[in-house]
Amino acid sequence: KHHPRIGAGRGPLSPADIKTLEAYAKEWFVNIIPGVEMLGHMDNMLTDPEYIQYAEFPGAQCLDISNPKTKDFVRELLVDVVPVFESPIFAPICDESFDFGLRRSKDIIANKGYGIALADWYLFLIDEIKKLGKPVVLFAHDIIHKYPEALKAVEQANAMIYFWQYSNAKKYPIISKLTKVGLTTFGGPAVFDWSRHYPYFDYAEVNMLEMAKDGMARGIVGLVTTKWGDFFNENFNFRKSRSYCLS
């Protein structure tokens, strides 16, 4: 409602579309948990002339937290998206926020420190999402686990963590770092279908099986197997069925 330019020409979902999907999902005992980026991975949005003002720098994939208007922008996005879904869980994700603090917000990072500035942003998101009626907030692990201040902040706010590592590794020691500080943690393997025409089953199957075995021993509560549509994801959905069944 607030920003119709976002997603225009890219197959955006309307609230009615989402309700239809949720009704269909219920028939198969599936709960749709929305995940919408609210820090990094926002480059497609932030290169739009109308939204570049919110970017850490022109061409960045991360929001500029030093701009007072950025929080207003994010609030509008959340108001449009969060209440549409029935799930009590909402995921602002915040993964791969590599550009955080590199340009426009570098003074804030210099004054507060990276970990505290990151924690402040996560707490802002948690507060806004809970105001909109979602008691459970889910973040990706990849940036947050490096900063004790951020880990402590999300743990005290009872947020949950999604640990992702897309590889054929057999051990995932970072999971222990997350669970030992009291964070409810999900494991996240992948079907390996991005940027290719055919899923990479050899890696996908090892990723799922080994993360399940090692992750359960380290305290994860379950797996959230992912597929991503990076670079238009030009492969057929039926080819991923094998991985879906395995997960």
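A brief report on the enclosed structure follows.

### Brief notes about the packing of helix H5 (residues 114–131) against helix H6 (residues 148–156)
Any two packed helices are characterised by the angle at which their axes cross and by the distance between the axes.
Item 1. Put simply, H5 and H6 touch, their axes get as near as 7 Å, and they point 20° apart. Looking at the two axes, H5 sits roughly parallel to H6. H5 and H6 meet at a crossing whose hand is right-handed. Taken together, the residues of H6 that come into contact with H5 (itself represented by Gly115, Ile116, Leu118, Ala119, Tyr122, Leu123 and Ile126) are Glu149, Ala150, Ala153 and Val154.
Item 2. Its residues assigned to classes, the contact of H5 with H6 comprises nine nonpolar, one polar and one charged.

### Overview of the pairing of strand E1 (residues 89–93)
Item 1. When you tally the buried positions in E1, you get five out of five residues, the bulk of the element.
Item 2. Covered by surrounding structure in E1 are Ile89, Ala91 and Ile93 together with Phe90 and Pro92, the residues of both alternating faces.

### Description of helix H8 (residues 201–218)
Item 1. Compared with an ideal rise of 1.5 Å per residue, which puts 18 residues at 26 Å, H8 spans 25 Å between its outermost C-alpha atoms and is within 8% of the ideal.
Item 2. Along H8, the residues classified as buried are Phe201, Ala204, Asn207, Met208, Glu210, Met211, Asp214 and Gly215.
Item 3. Those residues of H8 that are buried are in contact with strand E3 (160–164), helix H7 (174–180), strand E4 (184–188) and helix H9 (241–246).
Item 4. The first or second residue beyond H8 is glycine 219, which carries a positive phi of 110°.

### Digging into the nonpolar core
Side chains of a nonpolar character, in soluble globular proteins, are inclined to be buried together.
Item 1. By size, the foremost hydrophobic cluster in this structure holds 48 residues, and its most contacted members are Leu39, Leu63, Tyr122, Leu125, Phe139 and Val154.
Item 2. When residues of this core are traced back to their parent elements, those giving at least two are helix H3 (68–81), H5, strand E2 (136–140), H6, E3 and H7.
Item 3. Broken down by element, the residue count for this core peaks at nine residues, all from H5.
Item 4. Each residue touching leucine 125, except ones within four places of it in the same chain, is listed here: Met38, Val74, Leu78, Pro92, Cys94 and Phe139.

### A short note on the environment of tyrosine 203
Item 1. Relative to the helices and strands, tyrosine 203 is located in helix H8.
Item 2. On the basis of relative accessible area, tyrosine 203 is assigned to the partly exposed category, the value being 28%.
Item 3. The spacing of tyrosine 203 and asparagine 111 is 92 residues in sequence and 42 Å in space, taken between C-alpha atoms.
Item 4. The contacts of tyrosine 203, once residues within four sequence positions are left out, are Ser167, Asn168 and Phe192.

### Quick word on the environment of tyrosine 147
Item 1. In this fold, tyrosine 147 is placed in the loop between E2 and H6.
Item 2. For the pair formed by tyrosine 147 and tyrosine 200, sequence separation is 53 residues and the distance between their alpha carbons is 32 Å.
Item 3. With residues near it in sequence (within four places) discarded, tyrosine 147 still touches Tyr114, Gly115 and Leu118.

### Concerning the packing of aromatic side chains
Item 1. All told, the structure shown has 16 aromatic pairs when counted by the stated rule.
Item 2. Centre to centre, the rings of tyrosine 166 and tryptophan 194 are 5.4 Å apart; their planes meet at 45°, and the pair counts as tilted. Residue tyrosine 166 is located in the loop between E3 and H7, and its partner tryptophan 194 is located in the loop between E4 and H8; the two are separated by 28 residues in the primary sequence.
Item 3. The class of tryptophan 194 is buried, set by a relative accessible area of 18%.
Item 4. These aromatic residues form a ring-pair network of at least three members: Trp164, Tyr166, Phe192, Trp194, Tyr200 and Tyr203.

Reading guide: rules and limits
- The numbers attached to residues start from 1 for each chain and follow its sequence in the written order.
- This being a predicted model, a pLDDT of at least 70 is required before a residue's local features are given, and a value of 80 or more before pairs of side-chain atoms are given or counted; all residues contribute to the totals for chains, interfaces and linings.
- Note: side-chain values were computed over all heavy atoms of the structure, leaving out hydrogens and water.
- Every axis in this analysis is a line fitted to C-alpha atoms, fitted for helices over the stretch in contact. Angles between the N-to-C directions lie between 0 and 180 degrees.
- The helix and strand labels rest on DSSP assignments: H or I over at least four residues marks a helix, E over at least two residues marks a strand, and numbering proceeds from the N terminus.
- By definition in this entry, angles of less than 35 degrees are roughly parallel, angles greater than 145 are roughly antiparallel, angles of 65 to 115 are roughly perpendicular, and the rest are oblique.
- By definition, any crossing whose near helix is turned counterclockwise from its far helix by less than a right angle is left-handed, and any crossing with a clockwise turn is right-handed.
- A contact between two residues is defined here by any heavy atoms of the two lying within 4.5 Å.
- Gly is put with the polar residues, along with every residue not named as nonpolar or charged; the nonpolar set is Ala, Val, Leu, Ile, Met, Phe, Trp, Tyr, Cys and Pro, and the charged set is Asp, Glu, Lys and Arg.
- Each residue's exposure class comes from its accessible area (1.4 Å probe, protein chains only) as a fraction of the maximum for that residue type: buried when under 20%, exposed when over 50%, partly exposed otherwise.
- Expected helix span is taken as 1.5 Å per residue step, with the number of steps being one fewer than the number of residues.
- We call a set of buried residues a nonpolar core when its members are Ala, Val, Leu, Ile, Met, Phe, Trp, Tyr or Cys and they connect through side-chain atoms within 4.5 Å of each other.
- What counts as a ring pair is set by centres within 6.5 Å for rings of Phe, Tyr and Trp (its six-membered ring), and what kind of pair is set by the plane angle: stacked under 30 degrees, edge-to-face over 60, tilted for all other angles.

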